[in-house]
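Residues per chain, in single letters:
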Amino acid sequence: MKNRIKVYRAMHDITQAELAKQVNVSRQTIVSIEKERHSLSLELAYRIANYFQADITDVFPNPGNDDPEEKKESFFNMF
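From a predicted model like this one, the values you see are computed outputs, not experimental measurements.

Q: For the environment of I33, give the residues involved together with the corresponding values.
A: Within the element layout of this structure, I33 appears in helix 3 (residues 27-34). When the C-alpha atoms of I33 and I5 are compared, they prove to be 8.3 Å apart, with 28 residues separating the residues in sequence. Ignoring anything within four residues of it in the chain, the contact list for I33 reads M1, N3, I5, H38, L40, L44, I48 and F60.

Encoded structure:
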């Protein structure tokens, strides 16, 4: 799952280990999520977003919600 956890960690100046402790998972789980190798539960996604006081869709953007203007420009650039 696409995510912006690393960006949010940098904005809050915290390590993977600190975030893991705050959301009650292992540091390796945070590493795996950041590398998009871990299918996290909705509950964990909310815990992470809540920790950063962010909307869940900001931390975990929905790939199906692409900007329609970008799609249109991309389509016209093909010709």
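Additional details are given in the paragraphs that follow.
Q: How would you explain the packing of aromatic side chains if you had to name every residue and give the values?
A: The tally for this structure, following the rule as stated, stands at two aromatic pairs. Aromatic side chains Y8 and F52 sit 5.4 Å apart centroid to centroid with 40° between the ring planes, which places their arrangement in the tilted category. Here the residue Y8 occupies a position in helix 1 (residues 5-12), and F52 occupies one in the loop between helix 4 (42-51) and helix 5 (56-59), the gap between them amounting to 44 residues. F52 gets classed as buried once you look at its relative accessible area, which sits at 4%. Geometrically, the ring pair formed by Y51 and F52 is edge-to-face, given 5.2 Å between the ring centres and 75° between the ring planes.

Q: Quick rundown of helix 1? Include the residues and the values.
A: For an α-helix the count is 3.6 residues per turn, leaving residues at separations of three or four pointing the same way. Taken as a whole, helix 1 has its buried residues at I5, Y8 and R9. Projected down its long axis, helix 1 carries its buried residues within an arc of 100°, all on one side. The exposed set on the far side of helix 1, more than 90 degrees from its buried face, consists of K6, A10 and M11. Where helix 1 ends, the next residue or the one after it, D13, has phi of about 50°, a positive value.

Q: Account for helix 4, with residues named and values stated.
A: Along helix 4, the residues classified as buried are L44, A45, I48 and A49. Summarising the axial view, the buried residues of helix 4 lie within an arc of 135°, below the 170-degree limit, and thus occupy one face. Residues L42, E43 and N50 are exposed on helix 4 and point more than 90 degrees away from its buried face. Close packing links the buried residues of helix 4 with helix 1, helix 2 (16-23), helix 3 and helix 5. Where helix 4 terminates, the next one or two residues include Q53, which has phi positive at roughly 55°.

Q: I'd like a rundown of the environment of R47, residues and numbers included.
A: As for its placement among the helices and strands, R47 is situated in helix 4. Beyond its immediate chain neighbours, meaning those up to four positions away, R47 contacts V23, N24 and V25. Within polar-contact distance, the side chain of R47 engages the backbone oxygen of V23 at 2.8 Å.

Q: Lay out the nonpolar core in plain terms, naming residues and giving numbers.
A: Nonpolar side chains in soluble globular proteins tend to end up buried together. One finds I48, V59 and F60 to be the most contacted residues of the largest nonpolar core, which totals 18 residues. Sorting the residues of this core by element identifies helix 1, helix 2, helix 3, helix 4 and helix 5 as the ones contributing at least two each. When sequence neighbours within four positions are dropped, the list of residues in contact with F60 reads M1, K2, N3, I5, I33, L40, A45 and I48.

Rules used throughout
Residues numbered from 1 in each chain as written. Predicted model: local features only at pLDDT ≥ 70, side-chain atom pairs only at ≥ 80, totals over all residues. Heavy atoms only, no water. Helix = DSSP H or I, 4+ residues; strand = E, 2+ residues; numbered from the N terminus. Contact = heavy atoms within 4.5 Å. Phe/Tyr/Trp six-rings, centres within 6.5 Å; stacked < 30°, edge-to-face > 60°. Buried < 20%, exposed > 50% of the residue type's maximum accessible area, 1.4 Å probe, protein only. Arc of directions from axis to C-beta. Polar contact = N/O pair within 3.5 Å; in protein donor to acceptor, adjacent residues only side chain to side chain. Core = buried A, V, L, I, M, F, W, Y, C linked by side-chain atoms within 4.5 Å.

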